[in-house]
Amino acid sequence: MHDKVLILDFGSQVTQLIARRVREAQVYCEIHPNDVSDDFIKAFMPKAIILSGSHASTYEDHELRAPAQVWQQGVPVLGICYGMQTMAVQLGGQVSWSDHREFGYAEVRAHGHTQLLSGIEDFATPEGHGMLKVWMSHGDKVSALPPGFKLMASTPSCPIAGMADESRHFYAVQFHPEVTHTLKGEAMLRRFVRDIAGCQGDWQMGSYIDEAVAKIREQVGDEEVILGLSGGVDSSVAAALIHRAIGDQLTCVFVDHGLLRLNEGDAVMEMFEGKLHAHVVRVDASELFLKELAGVTDPEQKRKIIGRLFVDVFKAEAEKLKAGDRGHKGAKWLAQGTIYPDVVESGGTKTKKATTIKSHHNVGGLPEQLGLKLLEPLRELFKDEVRALGVALGLPAEMVYRHPFPGPGLGVRILGEVKKEYADLLRRADAIFIEELRGWKDEATGKSWYELTSQAFTVFLPVKSVGVMGDGRTYDYVVALRAVQTSDFMTADWAELPYGLLKKVSGRIINEVRGINRVTYDVSSKPPATIEWE
């Protein structure tokens, strides 16, 4: 059994980052609402507890408190931002409104040589004071330390920016160690969970496979499972893991809606049927999808049509498998590639201010409609952990680390009406762009431009422009190339691809894809633009 860290969420937008940093320290953790019961905390048996930030004020919102058991559990506690303020108030200190709010970069002086910060600094002042470059986001401040606490950090405008009661292993910081802007934040969180709390670093995907396989076998027994295989990372890793656990008891249904990338359907079949020897039912529904999409230009309507048809087609196949038409006894489980960020959703607790944990159905309510039990083997994992698990399971890195691809596929990368002709042109143009990104190395880093971009793709524009090829005039279609760099997909900058790379991609598309005579590059950032065009 893994050592566990309990993260209590008071409604911060970056609580998931705390969990990711703890997982990166190879320690298992879970996020739960701040208003869980004392009995829940006892049953969870955490080795440490972390209190998140919040938008609220401790002196305005008296019900947004940590459960009393947090202080009585006898384990190390770390309060972050609001977590520090509620720790101060609940343990006898004071919090007050600050007339100098801090939002953004700050330099914090460390005091007292506490175990949390000892030896961790970004630079030292001429006087020898250790300094930390951090990210602040607060309007209130701790104005009086609770009994038993000592000063751990300060800034000129926030005299108590960190505090510690080392006899009880209670620590708190006013800044956010979980964000990348706090340069030594990862080291601090690792120090807290590994050294202070003594958690074992046993949360690793290679060793997790045996544990996950055993869990699936225990859940499923000798019953059969259906999984909707999209070719995306989550469903692919879920399929590989479940197949490792139960082999022929798994049937994957791969709905090909005709809007996949070049040769993608064949690649999925080759991987899962050819290499993993999994049973895959491939349904070619491309004609049905294109027929329903004819004449439709509104992006939202296109998404709804594609989503509805996908569910209808998958449901029909699942009903057959449930009835046992392969000579099997019939499926009892529906597997989905739900991952941890899908599971952590806002609202729904007593206070309505914290995060609640609830099941997130990727295929909207299908388990209930089909009368099947739900199997979600990835629901404890973040995306980076899913990718690491996929590689450990033997899936090729180029599949596992592929850029995101929208569920409606090329349906939302063809602007306006979706036609087979447009999809065929776009597929070939996009394949050239991705091939060149993979092959073109950046001299400074040695990485390919595919690795250096977070998402890259081609968009088909339903307009024609005049061109000249040889001695002839052409009047053909236009495509736009899109490549962005981002850490969180909430904001994104357009990637400054080398001109030589863009020139090569443009030349190849125009020469090799008959029907396209103009290539443009999208230099819009998000915001104001979105990453996808539709």
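Remember, predicted model here, so these are calculated numbers, not experimental data.

## Examining the environment of alanine 66
Phase 1: Looking at the element boundaries, alanine 66 is found in the loop between strand 3 (48-51) and helix 3 (69-72).
Phase 2: For alanine 66, a relative accessible area of 5% corresponds to the buried category.
Phase 3: Residues alanine 66 and alanine 88, spaced 22 residues apart in sequence, show a C-alpha to C-alpha distance of 11 Å.

## Some thoughts on empty space enclosed by the protein
The gaps left among the atoms become clear once a water-sized probe is rolled over them.
Phase 1: This model, assessed by the stated rule, comprises 2 cavities of 30 Å³ or more.
Phase 2: Of the pockets and cavities examined, the second largest cavity occupies roughly 30 Å³.
Phase 3: Lining of the second largest cavity is provided by Leu78, Leu116, Val173, Pro177, Met188 and Leu189.
Phase 4: Within the lining of the second largest cavity, the residues separate by chemical class into 6 nonpolar, no polar and no charged.

## What about the packing of aromatic side chains?
Think of a pair of aromatic rings as described by two things: how far the centres are apart, and how the planes are tilted against each other in angle.
Phase 1: Counted by the stated rule, this structure contains 11 aromatic pairs.
Phase 2: With a centroid separation of 5.7 Å and 70 degrees between ring planes, the pair formed by tryptophan 71 and phenylalanine 170 is classed as edge-to-face. One end of the pair, tryptophan 71, is in helix 3; the other, phenylalanine 170, is in strand 10 (residues 170-173), with 99 residues separating them in the sequence. As far as the burial class goes, tryptophan 71 and phenylalanine 170 line up, both buried.
Phase 3: Seen from the ring of tyrosine 340, arginine 23 lies directly overhead, with NZ or CZ sitting 5.4 Å from the centre.
Phase 4: Looking at arginine 413, its charged tip hangs above the ring of phenylalanine 457, at a distance of 4.0 Å from the centre.

## Details of the sheet that holds strand 14 (residues 331-335)
Phase 1: Reading across the sheet, the 5 strands line up as 13-12-11-14-17 and stay open at both edges, with parallel pairing between neighbours. With partners counted over all chains shown, the strands left at the sheet margins are strand 13 (279-284) and strand 17 (373-375), one partner each. Neighbour to neighbour, the strand axes of the sheet diverge by 30 degrees on average, direction disregarded.
Phase 2: The pairing of strand 12 (residues 250-256) with strand 13 spans 6 bridges and is parallel. Looking across to strand 13, one finds that valine 255 is bridged to valine 283.
Phase 3: Taken strand by strand, helix 6 (residues 205-220) contacts strand 11 (224-228), strand 14 and strand 17, and its axis lies near 175 degrees from that of strand 17.
Phase 4: Strands strand 12 and strand 13 of the sheet are contacted by helix 8 (residues 264-275), whose axis makes an angle of about 165 degrees with strand 13.

## A look at the pairing of strand 4 (residues 77-80)
Phase 1: Where burial is concerned, the two faces of strand 4 agree: the one with Val77 and Gly79 and the one with Leu78 and Ile80 are both buried.
Phase 2: The pairing of strand 3 with strand 4 spans 3 bridges and is parallel. Following the sheet pairing, leucine 51 is matched in strand 4 by glycine 79.
Phase 3: With 4 bridges joining them, strand 4 and strand 10 adopt parallel strand pairing. By the bridge assignment for strand 10, valine 77 is matched with phenylalanine 170.

## Some remarks on the UniProt feature "active site" (unreviewed entry) in the protein
Phase 1: In the numbering used here, UniProt assigns the "active site" (unreviewed entry) feature to Cys81, His176 and Glu178. For this annotated set, covering 98 residues, all C-alpha atoms fall within 10.9 Å of each other, a compact arrangement in space.
Phase 2: Residues within four places of histidine 176 in sequence aside, it is in contact with Val14, Ile80, Cys81, Trp135, Ser137 and Thr182.
Phase 3: Here glutamate 178 takes part through its side chain, which lies 2.8 Å from a polar atom of the side chain of histidine 176.

## Considerations on the packing of helix 7 (residues 233-246) against helix 13 (residues 383-392)
Phase 1: It is the contact of helix 7 with helix 13, at a shortest axis distance of 10 Å, that shows an interaxial angle of 45 degrees. Comparing the axis directions of helix 7 and helix 13 gives the class oblique. Every pair of crossing elements has a handedness; the one defined by helix 7 and helix 13 is left-handed. The segment helix 7 lies against helix 13, with Val233, Asp234, Val237, Leu241 and Arg244 engaging Lys383, Val386, Arg387, Leu389, Gly390 and Ala392.

Here is what the cut-offs are and how they apply
- Residues numbered from 1 in each chain as written.
- Predicted model: local features only at pLDDT ≥ 70, side-chain atom pairs only at ≥ 80, totals over all residues.
- Heavy atoms only, no water.
- Helix = DSSP H or I, 4+ residues; strand = E, 2+ residues; numbered from the N terminus.
- Buried < 20%, exposed > 50% of the residue type's maximum accessible area, 1.4 Å probe, protein only.
- 1 Å grid on protein atoms, 1.4 Å probe; cavity = no way out; pocket = protein on both sides within 12 Å on 5 of 7 lines; lining within 4 Å.
- Points joined across faces, edges and corners; volume = space filled by probe spheres on them.
- Nonpolar A, V, L, I, M, F, W, Y, C, P; charged D, E, K, R; others polar.
- Phe/Tyr/Trp six-rings, centres within 6.5 Å; stacked < 30°, edge-to-face > 60°.
- Lys NZ or Arg CZ within 6 Å of the ring centre and 35° of its normal.
- Pairing = 2+ DSSP bridges.
- Axes fitted to C-alpha atoms, helices over the stretch in contact; angles between N-to-C directions.
- Contact = heavy atoms within 4.5 Å.
- UniProt positions renumbered as here; feature names shortened; annotations may be inferred.
- Polar contact = N/O pair within 3.5 Å; in protein donor to acceptor, adjacent residues only side chain to side chain.
- Parallel < 35°, antiparallel > 145°, perpendicular 65-115°, else oblique.
- Left-handed = near helix turned anticlockwise from the far one by under 90°.

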